[in-house]
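# Results of the structural survey
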Amino acid sequence: MSIGFVKNWTLVAGALLLGMGCHSTAQAAAHASGENLMRAYCSGCHQEHAGGLERISAIRKTPEGWIMTLVRMRQVHGLVLGEEVRDSIVRYLADTQGLAPAESAAGRFALERRPNAKDVDLGPDIGVMCGRCHSLARVSLQRRDADEWRKLAATHVGQWTSIEYSASGRDRPWWQIASGPQPDKLGSMFPFSSTAWRDWQARPARDLSGAWVVVGRVPGGKDFYGTARIDREAGGDYQAHYKLADIAGFEFAGDSKAIVYTGYEWRGSAQVGDRALREVYAVSEDGNRITGRWFDADHAEEGGEWIAIRETGPAEVLAVFPQSLRAGSTATVTLVGNGLGAAAASPLSFGAATVATHVQREAHRIRALVKVAPDAAPGLRTVSAGGALGRLVVYTQIDQIDVVPGYAIARVGGGRIDPVTAQFEAIASTRLPGGELLGLGPVEAEWTTSAFDAEAKRTEDEKFAGHFDKRGRFLPSPAGPNPAREFSGDNVGNLTVLAHAPDGKHTVEGRGHLVVTVQRWITPPIY
Ligand code: HEC
Ligand code: HEC
């Protein structure tokens, strides 16, 4: 694949789905015209029949899935569409032939572009047949009957003629299976018609405008919280304004422009502080909760979690920062949520053997200085602020550090391809007297690497592949060839990740595995 192709993906996906440069057309009008636009632009090749357009009307996909298909219509079949036309068609198709929330749930990690996520498990056969080139999430995020799954197999072989030789396909009669029994299986697992989709289409549309309370998680960084005001534009799209503060108290603001596809697929393009971010969120069925992942516009691997609830909702603690306190320590604890204002949220308690002083209350935040008795029994505490409950763990020692993710991939960068970093966290646990492990949340650690095996040691991967920054992010080296390496090799590596977390006088070690590999040449919206 050429670099041009890579750039095309970025441009098209950006402009179409997230960049959202221009779409003044009202949503309803776009829908009405969606059908006409498809008749105008698609029916030349896709024959019109009673039920719609051949092939197109027999498949349901996510917004990203529709975009990928339209990019192929251009790349392979030469269909050039103006930005507004493409946008209208994607909206129309995502709204009328999308996936219900229950249907997209398992594959959301792929839409959210989570790095190092575990793929969906579709059983051993589909795993080797379809999961060697792309995620199985790409498969599970589509709905079509057996005959359409069969045609997709034909598309694979027709367009990527060496497919049977790629990715070890020759270890089995790939085509015989892909065009034989497998489409029937896929058709019964992921059929075109479903009650979930019928019910979803019948439910009332939710208006998201209003005031929201927000909590954001930043792996390796400072979590944040605040409020969002969401306004609905005339065309049905949304604008959001964020007022946020990180747990250290640093305040910042942001704005987002979002399209909500299929009634719940929030796709926003935001500027928060000095960062351009993309938002891939899902709106809950009742329209009162928005959750998902935000990430850097140019580095999808760098991002975090987002939860927003309506300010008018019931009393609720969304987050407690930090998640755990050591017996004998004193720390500022912040609760974020709903109904935390003075009258509503009293009495306030952080559980047995704790004393809270310097309590500051706001409608959506309580901050207090919490002192834990030196002889406090380790274990889970229920934090209660009036009717709203949260959790806090009291511990005496760290017994285990898990490096998360336990296995990760980073990619060297070079030329026009950016490196792909890998963010790790040291997640601590304590062992209770009864033997049970209790999670304490992320803790600070010192990050280093060592050779994963004898070969990695011999080729000195540790020296060449890259290094850690202080927050547990691995920064890969520039792409090779590197004359200093054996055979002028690339700066790839097979590394053990070591996290050393201080715990009183000693440190606790956690281990993970990191493979630093070559550039990623194509980054489609669904990997
Ligand atoms: C120039 C001819 C041409 C035009 C115009 C065209 N298509 Fe296609 N389309 C194809 C061909 C050929 C295939 C089968 C091979 C493939 O899937 O790439 C196809 C397949 C598809 C499929 C099935 C892909 C799958 O998921 O398996 C969809 C959906 C689709 N097109 C959507 C559209 C839409 C929407 C339009 C109009 C905006 C459009 N096409 C316009 C040629 C065209
Ligand atoms: C040898 C590599 C390879 C294998 C094996 C493979 N695929 Fe694909 N698949 C691709 C490529 C390449 C694309 C094209 C993405 C694009 O449109 O540019 C693709 C696209 C897709 C899409 C999106 C198509 C669309 O237009 O929406 C689906 C769904 C899919 N594959 C399912 C499957 C299934 C099911 C199997 C197993 C029967 C399978 N793939 C096996 C390489 C592979």
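Further up the page is the structure itself.
A brief look at the structure comes next. (Residues numbered from 1 in each chain as written. Chains lettered and ligands numbered in written order. Predicted model: local features only at pLDDT ≥ 70, side-chain atom pairs only at ≥ 80, totals over all residues. Heavy atoms only, no water.)

## Quick notes on the site of ligand 1
We count it as follows: Here a residue is considered near a molecule or strand provided that any single heavy atom belonging to it is located within 4 Å of it. Any N or O atom pair separated by 3.5 Å or less is treated as a polar contact, with the protein-specific requirement of one donor-capable and one acceptor-capable atom, and with residues adjacent in sequence counted only for side-chain atom pairs. Helix numbering and strand numbering both begin at the N terminus, where a helix is a DSSP run of H or I of at least 4 residues and a strand a DSSP run of E of at least 2. The residue classification treats Ala, Val, Leu, Ile, Met, Phe, Trp, Tyr, Cys and Pro as nonpolar and Asp, Glu, Lys and Arg as charged. All others, Gly included, are polar.
Taken together, 20 residues are adjacent to ligand 1, and Cys42, Cys45, His46, Lys61 and Met73 come closest. Within the contact set of ligand 1, an oxygen atom lies 2.6 Å away from a side-chain nitrogen or oxygen of Lys61. At the level of elements, helix H2 (27-42), strand S3 (59-61), helix H3 (63-75) and helix H9 (146-159) are the ones that each hand at least two residues to the shell around ligand 1. Residues belonging to the shell around ligand 1 are distributed by class as follows: eleven nonpolar, five polar and four charged.

## Here's the deal with the side chain of His364
The condition that has to hold: A contact between two residues is defined here by any heavy atoms of the two lying within 4.5 Å.
Note on placement: His364 falls in the loop between strand S17 (354-362) and strand S18 (365-372). Side-chain polar atoms of His364 contact the side chain of Glu311, separated by 3.1 Å. Non-local contacts of His364, meaning those with residues more than four positions away in its chain, are made with Val213, Thr227, Glu311, Leu335, Val336, Gly337, Asn338 and Leu340.

## Side note on the coordination of the iron atom of ligand 1
Counted only if it meets this: In this analysis a donor is any N, O or S atom within 2.8 Å of a metal ion (3.2 Å for sodium, potassium and calcium), and since water is not included, sites may seem incomplete. Relative accessibility thresholds used throughout: buried, under 20% of the residue-type maximum; exposed, over 50%; partly exposed, between the two (1.4 Å probe, protein chains only).
Here the iron atom of ligand 1 is held by His46 (NE2) and Met73 (SD), and the distances to it run 2.0 to 2.2 Å. For Met73, a relative accessible area of 14% translates into the label buried.

## A closer look at the site of ligand 2
Lining the immediate environment of ligand 2, one finds 17 residues, of which Cys130, Cys133, His134, Gln142 and His156 sit closest. Separating an oxygen atom of ligand 2 from a side-chain N or O atom of Lys61 is a distance of 2.7 Å. Sorting the residues of the shell around ligand 2 by element identifies H3, helix H7 (124-130), helix H8 (136-140), H9 and helix H11 (181-189) as the ones contributing at least two each. Considered class by class, the residues forming the shell around ligand 2 number eight nonpolar, six polar and three charged.

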